[in-house]
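Structural overview
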Amino acid sequence: LFKLGMELQRGTVGTLGSEGKLTPEDQQRVGRVLVREFKQFSDVLTSIWNETVAKQNVEYTVNDIVSKSITCDSCSDDAPMDTDLLLRGFRQYQKQYDAWFNQWYAGDAKLEDIAQKCMADAADLGLCRTNMWTWELREKIPCLLGGVFAYFTIFKSGESYKILESSSQRSNGVITDTRSCSTNGDTTSAISTDQMLIKPHSIQVLSILRMLGYDMPREEEDLVNHLMQIRTGEGKSMILGACSVILGLLGFNVRCICYSKYLSNRDFVLFEEIFSAFGVKSCIVYSTIEDYCDDTFCAKGDIIEMTRNLLLRNGEEGSSQASSGCLVPHSDCSLDNTNILPSQEILLVDEVDVFYGKKFYGKTLNYMTRLRAPEVKTMLQSIWESRFRFQKSEDHKQAILKSASYTELCNKYPAWKKLLEHE
């Protein structure tokens, strides 16, 4: 963005036409960058987004969903999906969402009231497990989701909405948008103030209901895995964030992984205040796949430090206990402290092809620790000083194995003689 500003100042951005001015294509590109990057234009982006998604009603959306069951590597069958139940859940969500927003706008409810009510309703469900995903639990999801998204909308755009509502430019609940037109002067169009609200659309809500098994047969009680294909621009960040809040409220630890540290941090920041408000921030971690693997291996302590302790203590009993500075990905969710069983972890993956990236697929995670001791330093010096005395590396190795420095090292760590020889 800074580079763009410099080029704009110098007049070197884009392609100049015959009259010495930017071509229309480059003017359009520069304009879009400015609108996208400056927070002062955030209401413009929100309005355009809502104007686009409002064209699709929920009935059209739910009938456009395709559900498949993967039966083998190259086979898939149509999977049952209760569209009527999904529509029922959406309407319950919409009713709760509208109720909370209207109460807030009328001054009858504060943001804290929304969060506290959702937290209390989730706590009433008691212990939640993936193999205890009962209908009584699933029936609460639309209302919880309505509260979460109502909070999100109000927190992100509520004040802008109120300002625009009371603006002197407002007439009968709309803002007059005057746009110049080169053919017949200018024209005006009305923009509803509702378009200034950052709110989810039907695709996002239905995706969450489907992912959390709202449309499963009532007798089924297992939360199943889902692989969802959502088109670019349809708001995966909001889906992941809202899902994380709901699962956190239900007592789960949630891990959202992405291929990009930048995108992962961006998505976390989008919902960070909401996570805190609903008391689930300690339950939710956004990271890359590499960091997730690291935390998984180090869940019981710093594996590097524990290995060093094991070596230094000569394999004595208790040597595998970690010293200070253990790495624990995140503590159990505070909402689940009363449960006997520890919180389960739910994995949410943004861009499933992260599993097939060159940094992950077919790779191994290799840890290394250094053995620091005077005997090690002496032996390394001996290896270095004798490096030119032998033509063959095997002869060099055998000489080192017979050296006094190597013998001293083996005497200090007798339990690790084979490991030292290999190294």
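This section reports on the structure supplied with the text. (Residues numbered from 1 in each chain as written. Predicted model: local features only at pLDDT ≥ 70, side-chain atom pairs only at ≥ 80, totals over all residues. Heavy atoms only, no water.)

**A few points about the environment of Gly 146**
Positionally, Gly 146 belongs in helix 8 (residues 141–165). Ignoring any residue separated from it by four or fewer positions in sequence, one finds Gly 146 in contact with Tyr 93, Gln 96 and Tyr 97. (Helix = DSSP H or I, 4+ residues; strand = E, 2+ residues; numbered from the N terminus. Contact = heavy atoms within 4.5 Å.)

**Observations regarding the pattern of salt bridges**
All chains considered together, the criterion is met by 12 salt bridges. For Glu 305, the salt bridge goes to Arg 308, with nearest N and O atoms at 2.5 Å. Of this pair, Glu 305 and Arg 308 both sit in helix 13 (residues 303–312), three residues apart, roughly one helical turn. Look at Arg 308 and you get partly exposed, because its relative accessible area is 25%. (Salt bridge = Lys/Arg side-chain N within 4 Å of Asp/Glu carboxyl O. Buried < 20%, exposed > 50% of the residue type's maximum accessible area, 1.4 Å probe, protein only.)

**A closer look at the packing of helix 5 (residues 83–105) against helix 9 (residues 202–211)**
The N-to-C vectors of helix 5 and helix 9 enclose an angle of 115°; their axes lie 10 Å apart at closest approach. For the element pair helix 5 and helix 9, the recorded crossing hand is right-handed. On the side of helix 5, the interface is formed by Leu 86, Gly 89, Phe 90 and Tyr 93, while helix 9 contributes Ser 202, Val 205, Leu 206, Leu 209 and Arg 210. For the contact of helix 5 with helix 9, the residue count by class is six nonpolar, two polar and one charged. (Axes fitted to C-alpha atoms, helices over the stretch in contact; angles between N-to-C directions. Left-handed = near helix turned anticlockwise from the far one by under 90°. Nonpolar A, V, L, I, M, F, W, Y, C, P; charged D, E, K, R; others polar.)

**Considering the nonpolar core**
Counting 67 residues, the largest nonpolar core has Trp 133, Leu 145, Phe 149, Leu 249, Leu 250 and Phe 278 as the members making the most contacts within it. In terms of residue count, the dominant contributor to this core is helix 8 (10 residues). (Core = buried A, V, L, I, M, F, W, Y, C linked by side-chain atoms within 4.5 Å.)

**Details of empty space enclosed by the protein**
Applying the stated criterion to the full structure yields one cavity of 30 Å³ or more. Taken as a whole, the largest cavity encloses approximately 50 Å³ of empty space. Looking at the largest cavity, the residues that line it are Leu 240, Cys 256, Ile 257, Cys 258, Leu 263, Ser 264, Asp 267, Tyr 286, Leu 348, Val 349 and Asp 350. Among the secondary structure elements, those contributing two or more residues to the lining of the largest cavity are strand 6 (253–258), helix 11 (261–277) and strand 8 (345–349). Looking at the lining of the largest cavity residue by residue, the class counts come to eight nonpolar, one polar and two charged. (1 Å grid on protein atoms, 1.4 Å probe; cavity = no way out; pocket = protein on both sides within 12 Å on 5 of 7 lines; lining within 4 Å. Points joined across faces, edges and corners; volume = space filled by probe spheres on them.)

**Some points on helix 14 (residues 374–385)**
The end-to-end C-alpha separation of helix 14 is 17 Å, in line with the 16 Å expected for 12 residues at 1.5 Å each. Buried residues of helix 14: Glu 375, Val 376 and Met 379, and no others. All buried residues of helix 14 lie within an arc of 100° about the axis, which places them on one face of the element. Turned more than 90 degrees off the buried face of helix 14, the exposed positions are Pro 374, Lys 377, Trp 384 and Glu 385. Contacts from the buried residues of helix 14 go to helix 15 (393–401) and helix 16 (404–412). (Expected span 1.5 Å × (residues − 1). Arc of directions from axis to C-beta.)

**Details of the environment of Tyr 367**
Looking at the secondary structure, you find Tyr 367 in the loop between strand 8 and helix 14. The exposure class of Tyr 367 is partly exposed, given its relative accessible area of 30%. Once the C-alpha coordinates of Tyr 367 and Asp 294 are considered, the two residues, 73 residues apart in sequence, prove to be 9.6 Å apart. Only 2.4 Å separates the side chain of Tyr 367 from the side chain of Asp 294, close enough to count as a polar contact. (Polar contact = N/O pair within 3.5 Å; in protein donor to acceptor, adjacent residues only side chain to side chain.)

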